[in-house]
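Chain by chain, the residues run as shown.
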Amino acid sequence: SNLPGGCAKTHRTANDYCILDCIYVETARTYYVLDLMCWNGHPVYDSEREFRSFWLKTKLAEAAELIANFARTNPFKFLPLTFHSCSKASLTQLFESKWPLLVDGLLFFHIEAHYTTDTSPLAVWLKPHMVPDILGVPVSQEFLAGAPAMSVTKM
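Attention in this report is confined to the structure presented alongside it.

Cut-offs and rules
- Residue numbering note: each chain is counted from 1, following its sequence as written.
- pLDDT decides what is reported in this predicted model: residues at 70 or higher carry local features, side-chain atom pairs at 80 or more are listed and counted, and totals for whole chains, interfaces and linings draw on all residues regardless.
- Hydrogens and water are ignored here; the side-chain numbers use all heavy atoms of the structure.
- A simple rule labels every residue: compare its accessible area, found with a 1.4 Å probe on the protein chains alone, to the largest value its type can have, and call it buried under 20%, exposed over 50%, or partly exposed in between.
- Secondary structure elements follow DSSP: runs of H or I of four or more residues count as helices, runs of E of two or more count as strands, with numbering from the N terminus.
- Residues count as neighbours in contact if any of their non-hydrogen atoms are within 4.5 Å of one another.
- A pair of strands is treated as paired once DSSP finds two or more bridges between them.
- Here a Phe, Tyr or Trp ring, Trp counted by its six-membered ring, pairs with any other such ring whose centre lies within 6.5 Å, and the pair is stacked when the planes are under 30 degrees apart, edge-to-face when over 60, and tilted otherwise.

Further remarks concern helix 3 (residues 88–96). For helix 3, every residue scored as buried is listed here: Ser90, Leu91, Thr92, Leu94 and Phe95. On the buried face of helix 3, the contacting elements are strand 5 (106–109), helix 4 (131–135) and helix 5 (141–144).

Here it is in structure tokens:
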């Protein structure tokens, strides 16, 4: 790829490398970037989530011309996932809007959490149909359609 260290063009030293946490969508040949562990040889594992999000957004924006499009040296796209604040108002607005992708779930990070490869109470995955029961935020019927019958809240 055209990420630092991802091909001969961007790999100048042994310290040129990136480690990203991604979701790959094969039909789009696209990696959606969830988190950043290392960029251009600079580890950020021990940084808080809020900083890693800022750094990830900044670095992907700087490299967007090289990594957001297909090329001989970049056969896959690398795109950031959108991040939203975790307030009831923000989540309500989010679930009222149209989503450009099929949504399998929402990933919640504590902003002070460091990156871990293991399970953590500071990172939680919720299916959209779980949001009304757990967070008290209403979601549209399209998100409730695939839910198990006993888990759907009557709205």
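All right, on to the pairing of strand 2 (residues 30–39) then. Within strand 2, nine of the ten residues are buried, leaving the element largely enclosed by the surrounding structure. Relative to strand 2, strand 1 (residues 19–25) runs antiparallel, the two sharing seven bridges. Within the sheet, the bridge partner assigned to leucine 20 lies in strand 2 and is leucine 36. The antiparallel pairing of strand 1 with strand 2 creates a hairpin that spans four residues between the two strands, and arginine 29 there sits at a positive phi of about 50°. As defined by bridge partners, strand 2 adjoins strand 4 (residues 77–80) across four bridges and the pair is classed as parallel. Each residue of the ladder has a partner; that of tyrosine 31, found in strand 4, is phenylalanine 78.

Going through the model one piece at a time under the given rule, you end up with six aromatic pairs. Where tyrosine 24 meets phenylalanine 76, the ring centres are 5.7 Å apart and the plane angle is 85°; that geometry is what we call edge-to-face. Of the two residues, tyrosine 24 sits in strand 1 while phenylalanine 76 sits in the loop between helix 2 (64–67) and strand 4, which places them 52 residues apart along the sequence. With a relative accessible area of 34%, tyrosine 24 lands in the partly exposed category. Where tyrosine 45 meets tyrosine 115, the ring centres are 6.2 Å apart and the plane angle is 70°; that geometry is what we call edge-to-face. With tyrosine 45 in the loop between strand 3 (42–43) and helix 1 (49–62) and tyrosine 115 in the loop between strand 5 and strand 6 (123–126), this pair connects stretches of sequence that are 70 residues apart. On the accessibility criterion, tyrosine 45 (32% relative accessible area) is partly exposed. Among the residues examined, tyrosine 115 registers a relative accessible area of 18% and is labelled buried.

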